[in-house]
Amino acid sequence: ILNVEQSPQSLHVQEGDSTNFTCSFPSSNFYALHWYRWETAKSPEALFVMTLNGDEKKKGRISATLNTKEGYSYLYIKGSQPEDSATYLCAFITGAGSYQLTFGKGTKLSVIP
Amino acid sequence: KAGVTQTPRYLIKTRGQQVTLSCSPISGHRSVSWYQQTPGQGLQFLFEYFSETQRNKGNFPGRFSGRQFSNSRSEMNVSTLELGDSALYLCASSYGPGRANGYTFGSGTRLTVV
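Residues numbered from 1 in each chain as written. Chains lettered and ligands numbered in written order. Predicted model: local features only at pLDDT ≥ 70, side-chain atom pairs only at ≥ 80, totals over all residues. Heavy atoms only, no water.

For A:Thr94, the location among the structural elements is in strand 9 (residues 86–94). Accessibility expressed as a relative area gives 17% for A:Thr94, which makes it buried. (Helix = DSSP H or I, 4+ residues; strand = E, 2+ residues; numbered from the N terminus. Buried < 20%, exposed > 50% of the residue type's maximum accessible area, 1.4 Å probe, protein only.)

Quick look at the structure:
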């Protein structure tokens, strides 16, 4: 059974603060890692698909890094805004041919105006 | 372009009944996967279909089944409903094989079993 861990479980930050979360996954047989943002009453929205060790992706104020050798990925949000409040999920895919996303339980971010 | 459409949005069923949920993927997407979310749990993988074939199945009892049609639309069926089946069911579609392919999720079906 694959284990994908996310920390912290929840986070409260002030508007304007920068923050980061961690996703840990098995370091063997890596295929891809996905990050999603899930706002209340909406559907999960894809942020990044990361496939190569050392990958760095950026989308506006949000960026992510990937270390497949040690099995972790970081998500950074620079200058948090209230609209960034959401649950951030990472999902791991192992081995070619297995298109099953194994999700972590997410980090719930609340940005206080 | 139209997103992933799931119907119905909400459903209330009685224990012992069966239910069928529907998912229409984004046009051109051939892979559809299903996930269950219950309170306190992360998204749990149910199964994944590509070109009408089930490629992966999660650790769920045989009461949970699915299928995919030639137009890539997918249905999920749960028979002999139990109270613990109350959950949000999400489907996601993708182009299919390919490391860079992300998934697009639907808004989900909220199933309540009473």
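What follows covers the layout of surface pockets. Its volume calculated, the largest pocket comes out at about 1300 Å³. Lining the largest pocket are 48 residues; nearest its centre among them are B:Gln37, B:Gln41, B:Gly42, B:Leu43 and B:Gln44. Breaking the lining of the largest pocket down by element, the ones donating at least two residues are strand 1 (5–7), strand 9, strand 10 (102–103) and strand 11 (107–112) of chain A together with strand 5 (44–50) and strand 11 (109–113) of chain B. Here the lining of the largest pocket takes 4 residues from strand 9 of chain A, the largest share from any one element. Its residues assigned to classes, the lining of the largest pocket shows 16 nonpolar, 25 polar and 7 charged. (1 Å grid on protein atoms, 1.4 Å probe; cavity = no way out; pocket = protein on both sides within 12 Å on 5 of 7 lines; lining within 4 Å. Points joined across faces, edges and corners; volume = space filled by probe spheres on them. Nonpolar A, V, L, I, M, F, W, Y, C, P; charged D, E, K, R; others polar.)

A few words now on the sheet that holds strand 1 (residues 5–7) of chain B. Residue and element names in this part refer to chain B. The 4 strands lie next to each other as 1-3-8-7, forming an open sheet whose pairing is antiparallel. Every other strand in the sheet has two partners, leaving strand 1 and strand 7 (64–68) as the edge strands with one partner each. If you compare each strand with its neighbour and ignore which way they point, the axes differ by 15° on average. As judged from the 3 bridges shared by strand 1 and strand 3 (residues 19–24), these two strands associate in the antiparallel manner. (Pairing = 2+ DSSP bridges. Axes fitted to C-alpha atoms, helices over the stretch in contact; angles between N-to-C directions.)

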